[in-house]
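Take a look at the letters that make up each chain.
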Amino acid sequence: MKLVLYGLFLMHSGNLLRSTAKRLRSRTLAAIPAIRSLDGVDMCVESSSLRSEVELTAEIPEREVISWNRMIVSHAKHGLSRQAFNLYKEMVSRGIRENPSTFSSVISLSSDAGFFLEGLQLHGRVTFLGFISNVFVGTALVDFYIQLGHLDPALILFHELPDRNTATWNIVFRGLCRFRRSDELLELFIKMKSEGAGANSITFSYLINGCRSGGFLEQGRTLHCQVIKAGCMPSSLFIANALVDFYSAHGCLVDATKSFEMISVEDVISWNSITSVHVDDGFVPEALNFFNRMRSCGKKPSVRSFAAFLTSSSRNQNLPFGKQVHAFVLKLGFDRSCVYIQSALIDMYGKCSEIQAAVQLFDEITDRNSESCNSLISALLQCGYVDDAIEMFGIMVDEGVRPDQVTFSLATKALSLSAVACFTNCQLLHSSLIKSGFESNDMVLCSLIAAYSRTGHIELSHQILTQISAPNSVCYTSFISGCARNGMGREGLEMLEVMIQKGLKPDAVTFLSVLAGCDHTGLVEEGRTVFKTMKDVYGIEPDQRHYSCMVNLLGRAGLLKEAEKMLVLAPIRADSVMWSSILRSSRVHGNRDMGRKAAIALMELEPENPAIYSQVLSFYSEIGDTKCYKEIRDTMETKKISKGVGYSLVEVKL
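Conventions and cut-offs
Residues numbered from 1 in each chain as written. Predicted model: local features only at pLDDT ≥ 70, side-chain atom pairs only at ≥ 80, totals over all residues. Heavy atoms only, no water. Helix = DSSP H or I, 4+ residues; strand = E, 2+ residues; numbered from the N terminus. Buried < 20%, exposed > 50% of the residue type's maximum accessible area, 1.4 Å probe, protein only. Contact = heavy atoms within 4.5 Å. Areas by Shrake-Rupley, 256 points an atom, 1.4 Å probe, with all protein chains shown as cover. Axes fitted to C-alpha atoms, helices over the stretch in contact; angles between N-to-C directions. Parallel < 35°, antiparallel > 145°, perpendicular 65-115°, else oblique. Left-handed = near helix turned anticlockwise from the far one by under 90°. Nonpolar A, V, L, I, M, F, W, Y, C, P; charged D, E, K, R; others polar. Core = buried A, V, L, I, M, F, W, Y, C linked by side-chain atoms within 4.5 Å. Polar contact = N/O pair within 3.5 Å; in protein donor to acceptor, adjacent residues only side chain to side chain. Salt bridge = Lys/Arg side-chain N within 4 Å of Asp/Glu carboxyl O. Phe/Tyr/Trp six-rings, centres within 6.5 Å; stacked < 30°, edge-to-face > 60°. Lys NZ or Arg CZ within 6 Å of the ring centre and 35° of its normal. Expected span 1.5 Å × (residues − 1). Arc of directions from axis to C-beta. pLDDT = per-residue confidence, 0-100.

Now for the overall build of the chain. When you go through the chain residue by residue, the secondary structure sums to 38 helices and zero strands. The buried share of the chain, taken over its 654 residues, is 44%. Relative to all contacts within the chain whose residues are 6 or more apart in sequence, the contacts with residues 24 or more apart total 61%. In the form shown here, the chain has an accessible surface area of approximately 33700 Å², with 55% of it arising from carbon and sulfur atoms.

The following block contains the structure:
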């Protein structure tokens, strides 16, 4: 029929045909520049190298938003994030209005490149132009806030979206899973089902991962049932791996193994997952069995398996096993290509007290990052090289490696332990963490509280404590420890009361800090009460450190008989620290009999320690027992025991 009509048209409309052809020809000629510009963009996308954006934008027509979008995407794909933003700015400056595709691309670019301020500006422009209700643009904004760690603004924006697809829900689930807000994750899933949105395998993966934390075992099992009903098993490797991790986190290794065995096509992810979770739960032989099966099936081990084995070596201080893992890592080349493995190796050697090997591995890293530097700082602290750890922080900053919250926590901890820590160093570190944006991190602030108290500035420690919005028991314990160090036992007791009134439960370290404060201040009755409360009210059994504090406290007060009884009740009776405390107290209070008993016990416990001999000699010299004094001196000469030369440090302000 169309052909007949077309024939009639040719017969009766010759002039009209000629005029129509002319118009078509003019439209085609007008469209040629746009077609050429699109072809140029496509060629640019496929090319391995990009031309200057100035040259490219000069050829793009003023109103061709599609061409601009393609140019922005092409630059972003080639890692030229800043140039892509410059293209977007040029596009807006030319008066070309964005479409949803433009905003989706540029907002995603902000997330990937970490351009927070640019992303906020884009959010404002999206709202101004009325694209905030677009599902793709809204989803990109939600993802932007989550990627940069701002979950609450992302949730507010998510709830305001008029339309949400499965991808939008999955992005929010990923964020809640990442920040371990499992309650909200499950509540939102119920809302998703009530709105009729469909869940896919990615949805269930995030939900199951969110149930890994304690108290969500039954919810995870329920999700497992829903996965089976939805027909997502066993085809989805994401869900299978999530189930393996979930059951392993709850100690259900049988269910984890069953989930693994149900996978029809065992890939490297599932193999490494089942291997690593067995290592994490301490079942290293079983993990090695899975590891060998994986290799026999031709599957290549991944970073996750090696990292788990190295973590096990660090945790158990099993150096021979760690060296075997290191040898396998060298064979596969992970030692140079993976910073995560390099950091795990440094940590393993540090935890096993092989600091030279850890330093050597660090020196071989060409592209150092915060993770590798943190591993070495932690290793130095583990081996007692506190001042070297502080120096390592300075080297890290000099090399342009940006510190993170773990770095600042380790550095402030090193300052709190250092014998040469000074107020100036604490101030410099405090200023650095404020500039880096970590002034609100609880882990860092707790270490900073200890660092300031170490230098005697307990008022600054208290100021930092009051700045923490919701201080936990660790923060209070850190401050109480600072009070004890500065002889402020009553202030430590008061802070313990504040901590309890806020509903926080003190632990063994908290009570140890309070007892130390009582010891330094001479608060005998308060110390007895705290020691009794610790056992009777909180059910915390005192260890050797708590008994040592009580022995010292009672001995200083002259209650040597009670101190000796406390020493007998200690878990380890043969303790040179407690006997040394009793000897000092005996000298102060002139109790010769108790002093002789303590002196004999000390020399039996540590017959090669020059500090012990020096303390015993001083005691016998004070009581005028020249016979015992001479015998001990002769013993020292026979054993060639001599006291080391002491030294002191003074901070000089220049």
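To continue, consider the environment of N591. Residue position: N591 is located in the loop between helix 35 (576-589) and helix 36 (592-605). Given the relative accessible area of 27%, N591 is considered partly exposed.

The next point concerns the packing of helix 32 (residues 524-536) against helix 33 (residues 544-556). Between helix 32 and helix 33, whose axes approach to 10 Å, the crossing angle comes to 160°. One finds that helix 32 runs roughly antiparallel with respect to helix 33. For the crossing formed where helix 32 meets helix 33, the hand is left-handed. For the pair helix 32 and helix 33, contact is made by V524, G527, R528, F531 and M534 and by H546, Y547, M550, L553 and L554, respectively. Of the residues that constitute the contact of helix 32 with helix 33, the class distribution is seven nonpolar, two polar and one charged.

Judged by nonpolar contacts, the single largest core of 179 residues is most densely connected at F103, I107 and V142. F103 has contacts with Y88, E98, L122, R125, V126, L129, F131 and V137, leaving out every residue within four places of it along the chain.

To continue, consider the side chain of N374. Secondary-structure assignment places N374 in helix 23 (residues 370-382). In this structure the side chain of N374 is engaged in a polar contact, spanning 3.0 Å, whose partner is the side chain of D404. Setting aside anything within four residues of it in sequence, one finds N374 in contact with M396, D404, V406, T407 and L410.

Here the focus is the pattern of salt bridges. Inspection of every chain in the model, using the stated rule, returns 19 salt bridges. The partner of D347 in a salt bridge is K351, and the shortest N-O contact between them spans 3.3 Å. One end of the pair is D347 and the other is K351, both in helix 21 (residues 339-351) and four residues apart, which spans about a single turn. Residue classification places D347 among the buried positions, given a relative accessible area of 19%. Residue E399 is joined to R368 by a salt bridge in which the shortest nitrogen-to-oxygen separation is 2.9 Å. On the criterion of sequence distance, the pair formed by E399 in the loop between helix 24 (386-398) and helix 25 (405-417) and R368 in the loop between helix 22 (355-363) and helix 23 is long-range, its members being 31 residues apart.

It is worth spelling out the packing of helix 4 (residues 65-77) against helix 5 (residues 81-93) at this point. For the pair helix 4 and helix 5, the least separation of the axes is 8 Å and the interaxial angle reads 165°. By the angle between their directions, the pair helix 4 and helix 5 is classed as roughly antiparallel. Crossing hand, helix 4 versus helix 5: left-handed. Contacts from V65, W68, N69, M71, I72, H75 and A76 in helix 4 reach Q83, A84, L87, Y88, E90 and M91 in helix 5. Looking at the contact of helix 4 with helix 5 residue by residue, the class counts come to nine nonpolar, three polar and one charged.

Let us look at the environment of I395. Secondary-structure assignment places I395 in helix 24. Residues I395 and C373, 22 residues apart in the sequence, show an inter-C-alpha distance of 9.4 Å.

The relation between two aromatic rings is expressed through the spacing of the ring centres and the mutual angle of the planes. Under the defined criterion, the tally for this structure stands at 18 aromatic pairs. Between F306 and F328 the ring centres are 5.7 Å apart and the planes differ by 40°, which places this aromatic pair in the tilted class. One end of the pair, F306, is in helix 18 (residues 303-316); the other, F328, is in helix 19 (residues 319-332), with 22 residues separating them in the sequence. Here F306 matches F328 in class, with each residue buried. Grouped by ring-pair contacts, the aromatic residues F158, W169, F173, F189 and F204 constitute a single cluster. Sitting above the plane of the F328 ring, K331 keeps its charged end 5.8 Å from the centroid.

What follows is about helix 11 (residues 182-194). Taking 1.5 Å per residue, 13 residues should reach 18 Å; helix 11 reaches 19 Å between its end C-alpha atoms and fits that length. Where helix 11 is concerned, the buried positions are S182, L185, L186, L188, F189 and M192. Angular distribution of buried residues about the axis of helix 11 spans 160°; they occupy a single face of the element. In helix 11, the exposed positions angled more than 90 degrees off the buried face are occupied by D183, E187, I190 and S194. G196 sits one or two residues past helix 11 and shows a positive phi near 80°.

Looking now at unusual backbone geometry. Of note in this structure, R180 is not a glycine but carries a positive phi near 55°. Examined against the element boundaries, R180 turns out to sit in the loop between helix 10 (166-178) and helix 11. For R180, a relative accessible area of 72% puts it in the exposed group. Of note, the phi angle at S353 is positive, near 65°, even though the residue is not glycine.

Counted at 1.5 Å a residue, the expected span for helix 21 with its 13 residues is 18 Å, and the 18 Å between its end C-alpha atoms agrees. Of the positions making up helix 21, those classed as buried are I341, Q342, S343, A344, L345, I346, D347, M348, Y349 and G350. Positive phi appears at S353, one or two residues downstream of helix 21, with a value of about 65°.

Note that predicted coordinates carrying low pLDDT should not be read in detail. Of all residues in the chain, 86% have pLDDT values of 70 or greater, and the mean over the chain is 80. Under a pLDDT of 50 for its full length, residues 1-55 has, in the predicted model, 37 contacts with residues more than four places off or in other chains. Scored below 50 in pLDDT, residues 57-63 shows 20 contacts in the model against residues more than four places distant or in partner chains.

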